[in-house]
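Chains, contacts and geometry: an overview
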Amino acid sequence: MFSNGEIGIDLGTANILFYTKNKGIILNEPAVVAVDIRTNEVVAVGSEAKEMIGKTPRHIAAVRPLKDGVIADFDMTAQMLQHFLKKVSKKAGISLRKPDVVVCAPSGSTSVEKRAIENAVKSFGAKEVHIIEETVAAAIGADLPVAEPSASMIVDIGGGTSEVGIISFGGVVASRSARIGGDQMDEEIMQYIKKQYNILIGSSTAEKVKIEIGYALVDHDEVTLEVRGRDLVSGLPKVVTISSKEIQKALREVLESILHAITETLENCPPELSGDIVDRGITLTGGGALLKGMKAWLETEVQVPVHVSPNPLEAAAIGTGKSLKMIQKLQKKAR
């Protein structure tokens, strides 16, 4: 069914992933574009562009064309996709002329936002574009039995959005889409360090802090990290030592918002399916699933088992790739 001319794309706020059945994940790059603002010419895309964030001359801007899981800059997104498709064709040695494409979008996306995604993907030569909800894609990618008449609950914590969904018979029974995620965590860390230490740090440094000493709201042995930034008073470079307890405090609000989306979804779950969630629990995907202590904290809060997907960063992309077959199966069952 899945030929070289069919690809799955996880169009994430932080990263873009391309998947084909024969080759698996063939591209995983940051969703960043570096542009020369004088000529509007694209200078770099992906990893190369991400390296430039906060380090470029004035005439070059490194931008993220996707915000909160949806397209903020249409032209930049289209150019970025075209660049990635060329790279994929060259790297994987496969012909992707007029491919059929499945893209996952946040469940809270409006029809206008979905149309923007469809148009951007079609602009690089896609023949047909199917859009599926991110929770369904992540559940398929995490190997949950989405087509069965029992509940599978997924929590996908991405860069721009956190998606919560309960899936049964291949459809979403209850869901919540919160426009918060890893990027908001980085922002909170930047603001905390600015407020407490009068030091300005960039988003890349904040992300490093989150990965190395970021914890969900659990007890843990305190660890510290040296952070370099610019002193707002003197304007000179400065180094401070930050503790994991401080970062935990900075992340509290974002984590509580994610928890609220989970509890709201559980409250809207049909009683017939609640028993399945008690038995099977919740599966975490997305980069946020890798935050230290996340699994333990959620288990304490929601009182059901919590599992982290074997490959949380790639689950949604794998799910988009596998979903065409799944859609066909469900359509046959529905007939």
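Residues numbered from 1 in each chain as written. Predicted model: local features only at pLDDT ≥ 70, side-chain atom pairs only at ≥ 80, totals over all residues. Heavy atoms only, no water.

1. Focus: helix α9 (residues 294–302)
At 3.6 residues per turn, the α-helix brings residues three or four places apart onto the same side. Within the span of α9, buried status applies to Met294, Trp297, Leu298 and Val302. All buried residues of α9 fall inside an arc of 110 degrees around its axis, so they share one side. Backbone geometry just downstream of α9 places Gln303 in the positive-phi region, at approximately 60 degrees. (Buried < 20%, exposed > 50% of the residue type's maximum accessible area, 1.4 Å probe, protein only. Helix = DSSP H or I, 4+ residues; strand = E, 2+ residues; numbered from the N terminus. Arc of directions from axis to C-beta.)

2. Some details on the environment of Val164
One can find Val164 in strand β12 (residues 162–168). With a relative accessible area of 0%, Val164 lands in the buried category. Leaving out residues up to four positions away in the same chain, Val164 has contacts with Thr135, Met153, Ile154, Val155, Ala174, Ser175, Arg176, Ala261, Ile262 and Thr265. (Contact = heavy atoms within 4.5 Å.)

3. Notes on the side chain of Glu246
Locating Glu246 in the fold gives a position in helix α7 (residues 244–267). For Glu246, which is buried and forms no salt bridge, the nearest opposite charge comes from Lys249, at a distance of 6.5 Å. Of note is the side chain of Glu246, whose polar atom sits 2.6 Å from the side chain of Tyr197. (Lys, Arg positive; Asp, Glu negative; His and termini not counted. Salt bridge = Lys/Arg side-chain N within 4 Å of Asp/Glu carboxyl O. Polar contact = N/O pair within 3.5 Å; in protein donor to acceptor, adjacent residues only side chain to side chain.)

4. Side note on the sheet that holds strand β14 (residues 199–200)
As summarised here, the arrangement of the three strands in space is β14-β15-β16, forming an open sheet in which the pairing is antiparallel. Sheet topology places β14 and β16 (237–243) at the edges, where each strand pairs with a single neighbour. As defined by bridge partners, β14 adjoins strand β15 (residues 224–231) across two bridges and the pair is classed as antiparallel. Within the sheet, the bridge partner assigned to Ile199 lies in β15 and is Asp231. (Pairing = 2+ DSSP bridges.)

5. Examining the nonpolar core
Leu255, Ile262, Ile282, Met294 and Trp297 are the most contacted members of the largest nonpolar core, which totals 49 residues. It is α7 that provides the largest number of residues to this core, a total of nine residues. In this structure, Leu11, Ile26, Val33 and Val101 belong to the second largest nonpolar core, which totals 28 residues. (Core = buried A, V, L, I, M, F, W, Y, C linked by side-chain atoms within 4.5 Å.)

6. Some details on the sheet that holds strand β10 (residues 128–133)
Strand order in the open sheet formed by five strands is β3-β2-β1-β9-β10, with mixed pairing between adjacent strands. The open sheet is flanked by β3 (24–30) and β10, the only strands paired with a single partner. Each strand axis lies, on average, 20 degrees off the axis of its neighbour in the sheet, ignoring direction. Across four bridges, the pairing between strand β1 (residues 6–11) and strand β2 (residues 15–20) is antiparallel. Across the sheet, the residue bridging to Gly8 is Tyr19, located in β2. (Axes fitted to C-alpha atoms, helices over the stretch in contact; angles between N-to-C directions.)

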